[in-house]
Amino acid sequence: MRMLINAAERVVADALRGMAQAHPELVVDVEHRVIVRADAPVAGKVGLVSGGGSGHEPLHGGFVGPGMLDAACPGEVFTSPVPDQMVRAAAAVDSGAGVLFVVKNYTGDVLNFDMAAELAEDEGIRVAKVLVRDDVAVEDSTHTAGRRGTGATLFVEKIAGAAAEEGAPLERVTALARQVADSSLSFGVALGAPATPAKGGPTFDLPPGELELGIGIHGEPGRERRRMMTSGGIADAAVGVLLDELRPDGPVLALVNGMGATPLLELYGFGAEVRRVLDERGVPVARTLVGNYVTSLDMAGCSVTLCRADEELLRLWDAPVSTPGLRWGR
Amino acid sequence: MDAGFFRRWLTTAARAVERDADRLTALDSAIGDADHGSNMRRGMAAVAAALDAEEPATPGAVLLLAGRTLVSTVGGASGPLYGTLLRRAGKALGDAERVEGEELREALAAGADAVARLGGAAQGDKTMLDALLPAVAALPDLAAAAGAAERGAEATVALRARRGRASYLGERSEGHMDPGSASTALLFLALAEVADDA
C-alpha cells in the first residue's frame, strides 16, 4: 500500500502543519490539535465546536470559519479526539454566549464530548450538545450503539453556524441544530475499502464485482454485500430507503457526497441519478451539493443525505460561509 | 502489593500491548475501524512514561495517574472506558500504602461497574466487559483472573455485537473476537505475570 505519508504516528500532526500554512485565516494549534477561526472569540456570538476522528476531511477542520464552525478538534485517524482538546477549543471560542458541541453518534465521540462538557462547565462555560445520527443503515434499537452520524453533520454545522453568525442565542442555535439533525437521513455505499495508515492496507476485503450497502465513514463493512450495480440502480436503492423513512412533504436539501476516492465525474453522474429518483417520487429539491465533504480516507463510494427544509433552513443554508471546505456568498 | 507492584503491572501491560498492537488492530479491522492496537499502544506508552516521571507513592495514585493519562491520550471509546476503569479503581483504593487481594478485587469491581454504566453495556454485548467481569469475579486469585479474562475474550467470538462500532454490523459481527476484550485479557495476563515474579 503506497501512501503519501512519513509515518503512521505522524499523519495527523503533519497534516495540521500543512493546513496551518495553507490557511493563515485559521489558527492551528498543532501541539494541542485544535483548529480555531482567527477572529475567535467573536463578541456576543455562540461558539460552534465539533470534532471527530481524522480521515474525514474536509470534515471538521475544513469547516472552520465565518458562517460555520468556530473550532474543530481532530482526533487520530478514525478515533475521536480527547476531552482536553474539546475543552481547549471551547475556551478559545467562548465569548460568554456559550458553546454548542456538534457530536456524531459514535461511542467514542459521545463519551469524550460528554466528559469535555462537564469539564468545560466546571470552567464556567455554558455548553449545549447536539447529536447527529442520520445513517438509516443502522437499526436504531437497544441492540446497537444507535445510528451513526455521517453526511448530515455538514447540514447541521452549516445551518447552526449561520444562525450563530447572525447572533442567535445558544438556545435557538441548539434548537435549529436539533431540527436539522432530526430532519436528515443518509445512506452510504462502498465500492472499495479505505486503507488506514495504522493498518497499512484496506480495512476490509471487497472482491471485484461486488459492493457494500449501508456503510459508515470508518472503513467498517456495511450491512449487506451485493453484486455491483449501475449508478442509477444505486440511486434507486439509496433514495428509496431514505424517502421511505424521511417522508418529505416539501423541499429537501440534497448532499451527494464522495467518500474520498470516487472522482467528481462519477459523483456528478450519480447526483443526476439521485435527482431523477427524487423527481420520479415528486420530491422538490431546493438545493444540491455534490463533492467530497464527509470522506472516509480513500474509500471509493458515495452517500446521499436528504434534509427536510423549511424556509428558515433554506435561508440559513444560503447565508454566506467562508471556510476551506465550503465557501459561498461573500 | 505496594505502589511499585502496581507500577510494574502497568509497565508490563504496556509492553504486552506494544507486542500485540498489530494483533489488536487486525481484530478491530474485522469488525471495527482498525485502530485499537495503535490507540492502546499510544495510551499505554504514555502511561509508562507518566509513571516513570512522577513515581506515584501509593497504589491508588498509580491507578489514578494511569487512568487520567489514558483519557488524555487515547480518544475513541477505549480512552474513556479504560481511563474510567483505572481511575475508579484508584479512587476505591484511597491513600493506602499497601493493598491486599480482597481490596484489589473490590476496587476493580467498582471500576468494572463504572465501565458498564459509562458504556451502557452488559456481559454478552461483545465488549471489553466480557473479559473484565469474569476476571474480576475470579479475583483475588490473579492467575485465575488472567485465565478467566482469556476465556471471556475467546467467548466473544461467537457473540453478536450490541454495543460499540461492531454493533453496526449486526450478524456480520459474529465469528470475530472483540478487540476490547482482547486488550483486557492482556491487562490481566500482565497482572498475573507481575505477581509470579514477585
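All of the points below concern the structure found in this document. As the structure is a prediction and not an experimental result, all values here were calculated from the model.

When helices and strands are tallied, chain A shows 8 helices and 16 strands. For a compact globule of 330 residues, the expected C-alpha radius of gyration is about 20 Å, and chain A comes in at 19 Å, within 12% of that figure. Counting only C-alpha atoms and orienting by the principal axes, one finds that chain A spans roughly 55 × 50 × 40 Å. For chain A, the computed accessible surface area is about 12300 Å², with 51% contributed by carbon and sulfur atoms. Side chains of chain A give 30 positive and 44 negative charges; the mean places of these two sets differ by 3 Å.

With that out of the way, let us pick up the sheet that holds strand S12 (residues 252-258) of chain A. Residues and elements named next belong to chain A. Spatially, 6 strands are ordered S11-S10-S7-S14-S12-S13 in an open sheet, and the strand pairing comes out mixed. Strands with a single pairing partner mark the edges of an open sheet, and in this sheet they are strand S11 (224-227) and strand S13 (285-291). Taking the axes of each pair of neighbouring strands and ignoring which way they run, one obtains an average angle of 20 degrees across the sheet. The sheet strands contacting helix H6 (residues 231-246) are strand S7 (184-192), strand S10 (210-213) and strand S14 (300-308), and the helix crosses S7 at an angle near 155 degrees.

Okay, the nonpolar core next. Counting 64 residues, the largest nonpolar core has Leu100(A) and Val173(A) as the members making the most contacts within it. Element by element, the count of residues in this core is highest for helix H4 (residues 152-165) of chain A, at 9 residues. Once residues within four sequence positions are removed from consideration, Leu100(A) is found in contact with Val46(A), Gly47(A), Leu48(A), Val49(A), Ala128(A), Lys129(A), Val130(A), Leu170(A), Val173(A), Thr174(A) and Ala177(A). Among the nonpolar cores identified, the runner-up in size contains 57 residues, and Met40(B), Met44(B), Met128(B) and Leu187(B) belong to it.

All told, the structure shown has 0 disulfides over all chains when counted by the stated rule. The thiol of Cys302(A) is not disulfide-bonded; the next cysteine sulfur, from Cys307(A), is found 19 Å away.

All names here are of chain A. In this structure the tally under the stated criterion is 32 salt bridges over all chains. Here Asp39 makes a salt bridge to Arg37, at a shortest N to O gap of 2.7 Å. Its relative accessible area of 42% is what places Asp39 among the partly exposed residues. Owing to a relative accessible area of 3%, Arg37 belongs among the buried residues under this scheme. Taking the shortest distance from any N to any O, the salt bridge between Lys129 and Asp114 comes out at 2.7 Å. One end of the pair, Lys129, is in strand S6 (residues 127-132); the other, Asp114, is in helix H3 (residues 107-122), and 15 residues separate them in sequence. The partly exposed category is assigned to Lys129, whose relative accessible area is 33%. Asp114 gets classed as partly exposed once you look at its relative accessible area, which sits at 31%. What emerges from the salt-bridge pattern is a single network uniting Arg37, Asp39, Lys45, Asp70 and Glu165.

Reading guide: rules and limits
Residues numbered from 1 in each chain as written. Chains lettered and ligands numbered in written order. Predicted model: local features only at pLDDT ≥ 70, side-chain atom pairs only at ≥ 80, totals over all residues. Heavy atoms only, no water. Helix = DSSP H or I, 4+ residues; strand = E, 2+ residues; numbered from the N terminus. Rg over C-alpha atoms; globule rule 2.2 N^0.38 Å. Areas by Shrake-Rupley, 256 points an atom, 1.4 Å probe, with all protein chains shown as cover. Lys, Arg positive; Asp, Glu negative; His and termini not counted. Charge placed at Lys NZ, Arg CZ, Asp CG, Glu CD. Pairing = 2+ DSSP bridges. Axes fitted to C-alpha atoms, helices over the stretch in contact; angles between N-to-C directions. Contact = heavy atoms within 4.5 Å. Core = buried A, V, L, I, M, F, W, Y, C linked by side-chain atoms within 4.5 Å. Buried < 20%, exposed > 50% of the residue type's maximum accessible area, 1.4 Å probe, protein only. Disulfide = S-S within 2.5 Å. Salt bridge = Lys/Arg side-chain N within 4 Å of Asp/Glu carboxyl O.

Take it as geometry only, folks, not as evidence of what the structure does.
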